[in-house]
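This is what each chain is made of:
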Amino acid sequence: LVAIELKVWRDKQADPIHEGLGQLERYLRRLGLQSGFLVIFDRRRSAEEVPWEERPRWESAALAGGEQVRVLRL
């Protein structure tokens, strides 16, 4: 079982990482999992200037309960 949350970052919006981590934290606790994935698609106009092959970036985050999250920004 794998928990994955997907967020889209659009123009005039704040980075959705905090909202995504909050949702994923609830999923992980409900499912009894210790890790999950958050994928953030950057659809802002400024992101269009970066070539697609240069966009993937991995980050790590730890939640309050110790759960580990891998964040993929595209």
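A brief look at the structure comes next. Per chain, residue numbering runs from 1 following the sequence as it is written. In keeping with the model being predicted, local features are shown solely for residues with a pLDDT of at least 70 and side-chain atom pairs are shown and tallied solely at 80 or more, while totals for entire chains, interfaces and linings include all residues. As a rule here, side-chain values come from all non-hydrogen atoms in the structure, and water together with hydrogens is ignored.

### Some remarks on unusual backbone geometry
- The backbone phi angle of Lys 12 is positive, close to 65°, even though this residue is not glycine.
- Put simply, DSSP marks the helices as runs of H or I at least four residues long and the strands as runs of E at least two long, and each gets a number from the N terminus on. Structurally, Lys 12 can be placed in the loop between β1 (4-9) and α1 (17-31).

### Let's talk about the sheet that holds strand β4 (residues 68-73)
- At least two bridges found by DSSP between two strands are what make those strands a pair. Taken in spatial order, the four strands of this open sheet run β1-β2-β4-β3, and their pairing is mixed. Among the strands making up the open sheet, the edge pair consists of β1 and β3 (57-62). Geometrically, the sheet is characterised by an average inter-axis angle of 20° between neighbouring strands, direction not taken into account.
- In this structure, β1 lies alongside strand β2 (residues 35-42), joined through six bridges in parallel fashion. The residue bridging Glu 5 from the neighbouring strand is Leu 38, located in β2.
- Residue contacts are defined here by distance: any two heavy atoms, one from each residue, within 4.5 Å place the two residues in contact. An axis is simply a line fitted to the C-alpha atoms; with a helix, the fit covers only the stretch in contact. Between two such axes, the angle follows the N-to-C directions and lies from 0 to 180 degrees. Where α1 meets the sheet, its contacts fall on β1, β2, β3 and β4, and the angle it forms with β2 comes to roughly 150°.

### A closer look at α1
- In this model, α1 (15 residues) spans 21 Å end to end at C-alpha, consistent with the 21 Å of a helix rising 1.5 Å per residue.
- What α1 keeps buried is the set Ile 17, Gly 20, Leu 21, Gly 22, Gln 23, Leu 24, Glu 25 and Leu 28.
- Positioned one or two residues after α1, Gly 32 has a phi angle of 70°, which is positive. Here, expected helix span is obtained from the residue count minus one, scaled by 1.5 Å. Relative accessibility thresholds used throughout: buried, under 20% of the residue-type maximum; exposed, over 50%; partly exposed, between the two (1.4 Å probe, protein chains only).

### Some points on the pairing of β3
- Note that β3 and β4 share six bridges and pair antiparallel. Among the inter-strand pairings, Ala 61 is bridged to a residue of β4, identified as Val 69.
- Taken together, β3 and the strand that follows it, β4, pair antiparallel across an intervening segment of five residues, in which Gly 66 is found at a positive phi of about 90°.

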